[in-house]
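What the coordinates show
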Amino acid sequence: MKNAIRLLFLSFLCIACKQNNQSNQATTQPTASDSLTSELEGIWKNGQINGFAVAMVDQNGVLYTKGFGYADRETKKEYTENTIQHIASVSKTLIGIALMKAKEIGKLQLDDPIENYLPFQVINPNYPDEKITIRHLATHTSGIKDSDQYMNRAWILEKDQDLSKVSTDYPYQQLNPSEADMPMETFLKEYLTTTGEYYQNDHYINFKPGERYNYSNIGATLCALIIEKATGEAFDSFTQKHILDPLQMNDTGWSLAAIDRSMHSRLYRNDQTVLPFYKGITYPDGMLISSSSDMAKYLLELVKGYSGEGTLLNNESYKEFFTEQLDARHFDERNSSNPYNGDYSPAIFIGHSAKGYVGHSGGDAGVGTWFYFNKEDKTGRYIVINTDMGNDNRAKELEYYAIWDTMNEYFNRLRP
């Protein structure tokens, strides 16, 4: 009898131990988030990019945000989802949202001539009788062109920084001393008016307004100035009130004064030398400072807006914001092979690719960004890096694409 009881007890004990081992194995299995983190860390260890962060969303919420590598190589400060830096031309999508908000509250119409709002004259001298409209600016068909006067004058070094360990010699754009700073309106006037100090004959293309797509940072900044004139509010204040505050993007702003500077990443040239802190006179075209955590909130809002569930704009405004505005007649040629080419079919400061994605990309000194969502399955991705892509750096480009493509493989696994 005792032996039978002992055998029964041992049997129960073995079953319990087996169940406990199975339970422990189940709890130690890596989650989809863990696996994605491991893969992205592996890509970072290839050493081409100093630091980066990503975000993934679907229409129901944020699925993943994470930073990798270094915000500062020298001090080994980690790049996290809360690290902030410039996001380059993805900033222009905020001009689009702000423009639609200004229209929504009755301050302007997209087909208004820009002369209705400007204190100086902007006319393509090749077609002096043709009016440029706000819609032309928003779709990059105004005919306004970026020249070397833009590349050599628009970027300014921030004050109060140690320049002894950084490189102010940048191969693609001039980083000017802080004394060269000026109001955005002054710069635009001197650049765009034919009697302006910075005016050159190549500041306008030889096509009528509305005829030809020609991506223009100056044109985008001019649209931001028009929003200021129409609403009576500075562009940074208007976007703070109508975009950043409603989405609780608390670590985002248009200047170092508007954010916690200690959270800002260092930016690096392609040769790994450190770049100084800089800003843009034409700041609306690419100088929003943000974190991947905050950009996840913004990306989620745009996915919801596309799905008819947005909060920043009403459905009619969002429909106009996302409506494709141009066709093949507006282009000399169009790249239909790149899935993330937002220049393929522009909407209002945002673009549709030929492969079903909507968004914008960006690149500046020490910065690379992609910000796109899939129209069909309503999934969105964002990536920001603190290292210049440079010219012909195939290894860095492949690493950048590897990060992007790896995220795409995890959407179904991350969804609950």
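Residues numbered from 1 in each chain as written. Predicted model: local features only at pLDDT ≥ 70, side-chain atom pairs only at ≥ 80, totals over all residues. Heavy atoms only, no water.

**With respect to the overall build of the protein**
Convention followed: In DSSP terms, a helix is any run of H or I states spanning at least four residues, a strand is any run of E spanning at least two, and both are numbered starting from the N terminus. Burial classification: accessible surface area is computed with a 1.4 Å probe over protein chains only, and a residue below 20% of its type maximum counts as buried, one above 50% as exposed, and the rest as partly exposed. In this analysis, two residues are considered to be in contact whenever any of their non-hydrogen atoms come within 4.5 Å of each other. For the area figures, the Shrake-Rupley method with a 1.4 Å probe applies, and any residue is considered shielded solely by the protein chains shown.
In terms of helices and strands, the protein carries 12 helices and 14 strands. For the protein, buried positions account for 52% of its 416 residues. Sequence-distant contacts, at least 24 apart, represent 70% of the contacts inside the protein between residues at least 6 apart. With the model as given, the accessible surface of the protein reaches about 18,600 Å², and the carbon-plus-sulfur share is 44%.

**Focus on the layout of surface pockets**
Filter applied, for reference: Of the grid points, spaced at 1 Å and generated over the protein atoms alone, those admitting a 1.4 Å probe that cannot get out make up cavities, while open sets with protein on both sides within 12 Å along at least five of seven lines make up pockets; any residue with an atom within 4 Å of a point is treated as lining. Grid points are joined across faces, edges and corners, and a volume is the space filled by probe spheres set on the points. Following the grouping adopted for this structure description, the nonpolar residues are Ala, Val, Leu, Ile, Met, Phe, Trp, Tyr, Cys and Pro, the charged ones are Asp, Glu, Lys and Arg, and the polar ones are all others, Gly among them.
Considering only enclosed or pocket space, the largest pocket measures out at about 920 Å³ in volume. Lining of the largest pocket is provided by 45 residues; of these, Ser 361, Gly 362, Gly 363, Thr 369 and Trp 370 occupy positions nearest its centre. Secondary structure elements with two or more residues in the lining of the largest pocket: helix H5 (148-153), strand E12 (357-364), strand E13 (367-374) and helix H11 (394-408). In terms of residue class, the lining of the largest pocket is built from 20 nonpolar, 19 polar and 6 charged. Taken together, 20 residues form the lining of the second largest pocket, with Trp 254, Ser 255, Lys 279, Gly 280 and Tyr 283 sitting closest to its centre. Among the secondary structure elements, those contributing two or more residues to the lining of the second largest pocket are helix H8 (235-244) and strand E8 (278-280).

**Brief notes about unusual backbone geometry**
Backbone geometry places Ala 88, a non-glycine residue, at a positive phi of 60°. With respect to the secondary-structure elements, Ala 88 resides in the loop between strand E4 (84-86) and helix H3 (92-104). With a relative accessible area of 0%, Ala 88 lands in the buried category. Of note, Lys 378 is a non-glycine position whose phi angle comes to about 60°, a positive value. Considering the arrangement of structural elements, one finds Lys 378 in the loop between E13 and strand E14 (379-385).

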